[in-house]
Amino acid sequence: MFTKGQLIFAGFFVVAFVSLMIWSYRKDIKNHKKYYKNTALKVAIWLIVAVTIFSAIRIYSKM
């Protein structure tokens, strides 16, 4: 399995990584609001388009 040292390192790494990600996100939150308006909506629309295209290809390729 894992040694005690590896588990301690993994714990510190996860805590440090999550802390730095939260700090970085909070630091850039003004830029996110300015440059990424409605990004989730755009991603959702393109995801639906991609799934529809791949589904159509799959359905019509079996005929």
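Refer to the structure presented above.
*Asks:* Give me the overall build of the chain: which residues, what numbers.
*Replies:* A count of helical and extended segments in the chain gives 3 helices and 0 strands. Seen in sequence order, the chain has helices and strands lined up from the N terminus as α-α-α. For the chain, the C-alpha radius of gyration of 21 Å lies well beyond 11 Å, the compact-globule estimate for 63 residues. Here the chain holds 63 residues, and 0% of them are scored as buried.

*Asks:* Which residues make up the packing of aromatic side chains, and what values go with them?
*Replies:* Summed over the entire model, instances satisfying the criterion amount to 2 aromatic pairs. Where F13 meets F17, the ring centres are 6.1 Å apart and the plane angle is 15°; that geometry is what we call stacked. Of the two residues, F13 and F17 are both situated in helix α1 (residues 4-27); the distance of 4 residues between them amounts to about one turn of the helix. Of the residues examined, F17 reaches a relative accessible area of 46% and is grouped as partly exposed. Within the aromatic cluster, the residues linked to one another by ring pairs are F9, F13 and F17.

*Asks:* For helix α3 (residues 39-61), give the residues involved together with the corresponding values.
*Replies:* With 23 residues, α3 extends 33 Å between its outermost C-alpha atoms, agreeing within 8% with the 33 Å of an ideal straight helix rising 1.5 Å per residue. With 0 of 23 residues buried, α3 is to be regarded as a mostly surface element.

The rules behind the values
- Residues numbered from 1 in each chain as written.
- Predicted model: local features only at pLDDT ≥ 70, side-chain atom pairs only at ≥ 80, totals over all residues.
- Heavy atoms only, no water.
- Helix = DSSP H or I, 4+ residues; strand = E, 2+ residues; numbered from the N terminus.
- Rg over C-alpha atoms; globule rule 2.2 N^0.38 Å.
- Buried < 20%, exposed > 50% of the residue type's maximum accessible area, 1.4 Å probe, protein only.
- Phe/Tyr/Trp six-rings, centres within 6.5 Å; stacked < 30°, edge-to-face > 60°.
- Expected span 1.5 Å × (residues − 1).

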